[in-house]
Amino acid sequence: MRMVLLGAPGSGKGTQGEKLAAHFGIPKVSTGDALRAAVAAGTDLGRKAKRAMDAGQLVDNEIVIGIVEERLAQPDAAKGFILDGFPRNTAQAQVLDAMLVRLGQPAIDKAVHLQVDDEEIIKRLLDRAHKEGRADDKEDVIRKRIRVYNDETHPLLDYYRAQNKLVAVPGVGAVDEIFQRILRVLKH
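Residues numbered from 1 in each chain as written. Predicted model: local features only at pLDDT ≥ 70, side-chain atom pairs only at ≥ 80, totals over all residues. Heavy atoms only, no water.

With an omega of -5°, the peptide bond running from F86 to P87 counts as cis. If you check the backbone angles, N164 has positive phi at about 55° while not being a glycine. Structurally, N164 is set in the loop between α8 (155-162) and β5 (166-170). Looking at N164, the relative accessible area reads 68%, which means it is exposed. (Helix = DSSP H or I, 4+ residues; strand = E, 2+ residues; numbered from the N terminus. Buried < 20%, exposed > 50% of the residue type's maximum accessible area, 1.4 Å probe, protein only.)

Printed below as a string of structure tokens:
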């Protein structure tokens, strides 16, 4: 299974991605986690990423693409993977398609879109910021991230819909309930 998880920040991609990775026995590749690790380590890449993240902007394509390609080239990703946070626009989806060919891997099987309305996203991210102390989860930054997502990432749904790979799942409810919804749509 080669899967892309789509949804606004805070839609539950990380949580569901972990459950799906355990279920299918394949790695979850989270660009957000990789970028936060680079920021925490204070690498050159991390400092560049931090400036964009603190401003609520998307991190440069080259940085994100490099992280993803390095990860997908690792042996444990050969039998499948779950991408969380990449691709975030149609240009990156096209790069991903070419990357998989270059790596000798099959194409993406499914793109799972977790649908959650904007106000629920804001509530979830403010709650997460309070619990985890994440500086990038302030309300003005969250609203900007949602706008950026809607403007730049939302067209990705059409890209995968045109390839008959898109499945949409309501991302509200109990974690296990959402997980079961995803498994049901993946069977079709």
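From this point, the narrative continues.
Moving on, we come to the environment of A174. Residue position: A174 is located in the loop between β5 and α9 (175-186). Relative accessible area serves as the criterion here: at 41%, A174 is assigned to the partly exposed category. Taking the C-alpha atoms as reference points, A174 and Q163, 11 residues apart in sequence, are found 30 Å from one another.

All right, on to the sheet that holds strand β1 (residues 2-6) then. What holds strands together in a sheet is hydrogen bonding between their backbones, with the strands either parallel or antiparallel. The strand order across the open sheet built from 5 strands is β2-β3-β1-β4-β5, with neighbouring strands paired in parallel fashion. At either margin of the open sheet sits one strand with a lone partner, and together these are β2 (28-30) and β5. Direction aside, the axes of adjacent strands within the sheet are offset by 20° on average. In this sheet, β5 lies alongside strand β4 (residues 110-115) in parallel orientation, the contact comprising 5 bridges. Each bridged residue has a counterpart across the sheet, and for V112 the counterpart in β5 is V167. (Pairing = 2+ DSSP bridges. Axes fitted to C-alpha atoms, helices over the stretch in contact; angles between N-to-C directions.)

Before going further, it helps to examine helix α1 (residues 13-24). For α1, with 12 residues, the first-to-last C-alpha span of 16 Å sits near the 16 Å given by 1.5 Å per residue. Where α1 is concerned, the buried positions are K13, Q16, G17, L20 and A21. In a view along the axis of α1, the buried residues occupy a sector of 140°, so they form one face of it. Check the buried side of α1 and you find it contacts β1, β2, β3 (81-84), β4 and α9. (Expected span 1.5 Å × (residues − 1). Arc of directions from axis to C-beta. Contact = heavy atoms within 4.5 Å.)

What follows is about the environment of M53. Inspection of the secondary structure assignment puts M53 in helix α3 (residues 44-54). Exposure remark for M53: the relative accessible area of 17% places this residue in the buried category. Linking M53 and R36, residues 17 residues apart in sequence, is a C-alpha distance of 9.3 Å.

Orientation of helix α4 (residues 61-72) relative to helix α5 (residues 90-102), taken along the N-to-C sense of each, is 30°, at an axis distance of 11 Å. The orientation of α4 with respect to α5, classified from their angle, is roughly parallel. Considering only the axes of α4 and α5, their crossing is right-handed. Judged by residue contacts, N61, V64, I65, V68, E69 and L72 of α4 engage Q92, V95, L96, M99, L100 and R102 from α5. Of the residues in the contact of α4 with α5, the class split is 8 nonpolar, 2 polar and 2 charged. (Parallel < 35°, antiparallel > 145°, perpendicular 65-115°, else oblique. Left-handed = near helix turned anticlockwise from the far one by under 90°. Nonpolar A, V, L, I, M, F, W, Y, C, P; charged D, E, K, R; others polar.)

Moving on: α8. Restricting attention to buried positions, one finds in α8 the residues L156, L157, Y159 and Y160. Within α8, the buried residues cover an arc of 160° as seen down the axis, which keeps them to one side. Looking at the buried side of α8, the elements it contacts are β1, α5, β4, α7 (139-153) and β5. Two residues or fewer after α8 comes N164, characterised by a positive phi angle close to 55°.

Moving on: the packing of aromatic side chains. A full pass over the atoms with the stated rule returns 1 aromatic pair. Pairing Y159 with Y160 gives two aromatic rings, centres 5.2 Å apart and planes at 85°, and the pair type is edge-to-face. Given the relative accessible area of 0%, Y160 is considered buried. Geometry around F179 places K19 over its ring, the cationic atom sitting 4.9 Å from the centre. (Phe/Tyr/Trp six-rings, centres within 6.5 Å; stacked < 30°, edge-to-face > 60°. Lys NZ or Arg CZ within 6 Å of the ring centre and 35° of its normal.)

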